[in-house]
Amino acid sequence: MRIITTRRISQTFFFLLFLWFCAVSTLGEQVWQLRGWPVGWLLELDPLVGLGTLLATGTLYAGLLWGLLTVVLTIFLGRVFCGWICPFGALHQAVGWLAGRKRSAAVQIAANRYRPAQRIKYVILIFLLSGAAGDFLAWLLDLSVESSIAVAGIAAASLACGIAAVRVRKAFWRRWTTVLVLLIIGWVGLGFLTDGSRLLAASLQTGLLDPLPLFYRSVNLTLLPLLDGRMAAFSSPGRLYPGSVAIGLLFWTVVLLNLVIPRFYCRFICPLGALLEILGRNALYRMGQKPDGCTACGACDRHCEGACDPSTTLRSAECVLCMNCLDRCPHDVMGYGLHPSAAGEMAGPDLSKREFTAALVSGVAAVPLLRLSGGVDANWNPAVIRPPGALDEANFLRRCIKCGQCMRVCPTNVIHPAGLQAGIEGIWTPVLNFRVGTSGCQRGCIACGQLCPTAAIRPIPLDERLGRGEFADRGPIRIGTAFVDRGRCLPWAMDRPCIVCQENCPVSPKAIFTREEFRPVRLSGDLRLREMVEDRLLFDGPALPAERFATGDYFVTLEESPDIAPVRIKDIGSGGISLAENPFVETASPGARITVRVKLQLPFVDPSACIGCGICEHECPVKGRRAIRVSAENASRDRQHRLLL
Ligand code: SF4
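Each value, and the rule that gives it
- Residues numbered from 1 in each chain as written.
- Predicted model: local features only at pLDDT ≥ 70, side-chain atom pairs only at ≥ 80, totals over all residues.
- Heavy atoms only, no water.
- UniProt positions renumbered as here; feature names shortened; annotations may be inferred.
- Helix = DSSP H or I, 4+ residues; strand = E, 2+ residues; numbered from the N terminus.
- Core = buried A, V, L, I, M, F, W, Y, C linked by side-chain atoms within 4.5 Å.
- Buried < 20%, exposed > 50% of the residue type's maximum accessible area, 1.4 Å probe, protein only.
- Contact = heavy atoms within 4.5 Å.
- Salt bridge = Lys/Arg side-chain N within 4 Å of Asp/Glu carboxyl O.
- Pairing = 2+ DSSP bridges.
- Axes fitted to C-alpha atoms, helices over the stretch in contact; angles between N-to-C directions.
- Parallel < 35°, antiparallel > 145°, perpendicular 65-115°, else oblique.
- Near = heavy atom within 4 Å.
- Nonpolar A, V, L, I, M, F, W, Y, C, P; charged D, E, K, R; others polar.
- Domains from an automatic or database assignment.
- Left-handed = near helix turned anticlockwise from the far one by under 90°.

K.L.:
Even after reading the chapter, I still don't get the UniProt feature "transmembrane region" (unreviewed entry) in the protein, so can you show me in this structure?
P.N.:
UniProt's feature table lists "transmembrane region" (unreviewed entry) at residues 52-77, 122-141, 147-166, 178-194 and 240-261, given in the numbering used throughout. Annotated as 95% helix and 0% strand, the span residues 122-141 places its first and last C-alpha atoms 25 Å apart. Taken end to end, residues 178-194 has its terminal C-alpha atoms 24 Å apart, with 94% of it in helix and 0% in strand.

In structure tokens:
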């Protein structure tokens, strides 16, 4: 079998596996839906996810150890992940191949030439990783003042390096040793002058451009929803994700750029590709030319997916191991093995010191700059309601890779990608929107935490969610608290009876309670008693429509009988009101003023019982901006959101 046939089978397999994982990430009755499938496995294989969370949090979530497999494979075999496994890479390759079929050899060779702009992906990688490493760097800064052992060690290391710099003969080593000494001295000085933990902060933004989270997010939130509701096999209720248009735009832009340059994303943007290039720059096995036989026919350059100039000095780090050169070479000159390319090779990455420093410094500075808005601290946005089990905001932003898995699996479609309400750092992270979807956040559901690949949403047990068993003393997990908007609430603002929120509150005892009040109804004129016939009051005055006043919520009182409680209206006929009973017989006389009163049950929220599930908000009949809305106040995940003293 041809090697590229094997590669294509591998790419097709992983591509279909990826689609399968996306498709089954919907809770449902079907036998294939979420029955223990390892739907996040491809995300776990992505070492950039593991490295990013390790730098941002100092910990590695167990599943992300799979990334080590990719690292080892890359160190030994080169970028086999890019060329043989990555489903996003497979898509780019397929689109690029389709676009290039009719092009002449010269045009294809030109499209596959190496371009200096391919360095951009390293800049992106360094920028994103240094943004994630803020806390680690702060720890290093603080270490220099907090630990006398560390300071002594640093001083000894500086001294040793200084001596070495003087003694070393080679200019190269002397220069770099001097730089190292200066760096260490600068670092210790900065540590004494500043408080690292107040100066720096970490935020994990690799998921914006990391191909696996990007592809998961795009398929979950922009492609599968096109089928949901139409193909009930996926999700019988249709799914909406407000704000996903930007996700779709990014996805289609990077896919369609393959029509101009094949594997555009992999060559210029992909931060995972850049990481694997660094790991695989001196891979044990790599592509290369054999010593003799090359006629410079250009067949290898024409089909090279990595744009790594295989006919000349091969840029081995750029090679994605598509093996097209090996397959297409008419003279069998190309090979894959332990020997370096006979035509020479360049390991890369060819990033200049200035570019490296600019990317590093801007990445470290970007997060503290963004935090000046106070969005994570004092100026937090209470509209940002995170799923149950989500970590506090600062830690959440250190872990979430914006993959959209939690949004896809949510059975009621209330988890959505954030726009700018969670700040620039929070873009495309999950927030709850109770206006969309089929209900609120279900009390018995813990699906989002089970699928989150980085534990930004903890995989909580059901007992913890419900606050029972060993978690009974903590109470149930609250994601926010409902607030009644008295300016929009029908009973409060418009004298219209409504207890929809109270009826739908799922907790027991209910977090929404009501207080009864009889309020006089505003009519277009006075109602005067003309005559009383048993339980029926005949009156003069404006007509009373039965569909409104005979619903059981309306009552009457008579001016002459102030001590008699309001009596319920049973029915309304031509010029008369039928009452449930008639206690006015003794006291009332013709001409007495009749007052129609509505019995209102005014809703109140008990913040100690409300868990912020949002079912009340979803069901509220005020369909625009709801009259009862959940905000993140009192959410369990963050002590600074506490509402009760
Ligand atoms: S919180 Fe949601 S979007 Fe973020 S990493 Fe977890 S599953 Fe993905």
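After that view of the structure, there is still more to cover.
K.L.:
Looking at this structure, I do not really get the nonpolar core. What am I missing?
P.N.:
For soluble globular proteins, the rule of thumb is that nonpolar side chains tend to be buried together. Residues Leu42, Phe81, Phe88, Leu212 and Tyr216 are the most contacted members of the largest nonpolar core, which totals 71 residues. With 7 residues, the single largest contributor to this core is helix H1 (residues 3-24). Residue contacts for Phe81: discarding those within four places in its chain leaves Leu45, Thr70, Cys86, Leu212, Leu272 and Leu276. Membership of the second largest hydrophobic core comes to 67 residues, among which are Cys400, Cys501, Leu527 and Cys610.

K.L.:
What should I look at first to understand the pattern of salt bridges in this one?
P.N.:
A side chain of one charge can pair with a side chain of the opposite charge when the charged atoms of the two come close. Counted according to the given criterion, the structure contains 23 salt bridges. Close ionic contact of Arg79 with Glu277 constitutes a salt bridge, the shortest N to O distance being 2.9 Å. Placement of Arg79 in the loop between helix H4 (66-77) and helix H5 (80-85) and of Glu277 in helix H16 (residues 271-280) is noted, with a sequence separation of 198 residues between them. Side by side, Arg79 and Glu277 carry an identical accessibility label, which is buried. One salt bridge connects Asp332 with Lys290, and the closest N-O pair in it is separated by 3.6 Å. Taken as a pair, Asp332 in the loop between helix H18 (324-328) and strand E3 (334-337) and Lys290 in the loop between strand E1 (286-289) and helix H17 (299-303) lie far apart in primary sequence, 42 residues in all. Residue Asp332 is classed as partly exposed on the basis of its relative accessible area of 49%. Salt bridges here are not isolated pairs; linked through shared partners, they connect Arg79, Lys121, Glu277 and Glu318.

K.L.:
Whenever I open this one, the pairing of strand E14 (residues 593-605) confuses me. Can you help?
P.N.:
The two faces of a sheet get side chains in turn, since along a regular strand they alternate between them. As judged from the 9 bridges shared by strand E8 (residues 512-520) and E14, these two strands associate in the antiparallel manner. The partner of Phe513 across the bridge, within E14, is Phe604. Across 2 bridges, strand E9 (residues 527-533) lies against E14 in antiparallel orientation. Within the sheet, the bridge partner assigned to Leu527 lies in E14 and is Ile594. As paired strands, strand E11 (residues 554-558) and E14 are joined by 5 bridges and run antiparallel to one another. Across the sheet, residue Val556 finds its bridge partner in E14, namely Val596.

K.L.:
What is the right way to read the packing of helix H3 (residues 47-57) against H16 from this model?
P.N.:
The description of two helices packed together rests on the angle between their axes and the distance between the axes. Running from N to C, H3 and H16 point in directions that differ by 90°, and their axes come no closer than 9 Å. Judged by the inter-axis angle, H3 sits roughly perpendicular to H16. Along the contact surface, H3 presents Pro47, Leu48 and Leu51, while H16 presents Pro271, Leu272, Leu275 and Leu276.

K.L.:
Just checking my understanding: could you explain the site of the ligand for this structure?
P.N.:
Contacts to the ligand come from 14 residues, most closely from Cys400, Ile401, Cys403, Cys406 and Cys452. Its residues placed into classes, the shell around the ligand shows 10 nonpolar, 3 polar and 1 charged.

K.L.:
Which parts of the structure should I look at to understand the domain arrangement of the protein?
P.N.:
Many descriptions give the size of an interface as the accessible area lost when the pieces come together. Along its sequence, the protein is organised into domain 1 (3-124 + 205-346), domain 2 (145-192), domain 3 (393-474) and domain 4 (525-593). When each unit is reduced to the centre of its C-alpha atoms, the spacing between domain 1 and domain 2 is 40 Å.

K.L.:
Help me out: how do you make sense of the packing of helix H13 (residues 211-227) against helix H14 (residues 245-256) in this one?
P.N.:
Relative orientation of the contacting elements H13 and H14 amounts to 125°, with a least axis distance of 9 Å. In terms of axis orientation, H13 runs oblique to H14. Crossing angle aside, the handedness with which H13 passes H14 is left-handed. The residues of H14 that touch H13, namely those facing Leu214, Phe215, Arg217, Ser218, Leu221, Thr222 and Leu223, are Ile247, Gly248, Leu250, Phe251 and Trp252. Looking at side-chain class alone, the contact of H13 with H14 contains 8 nonpolar, 3 polar and 1 charged residues.

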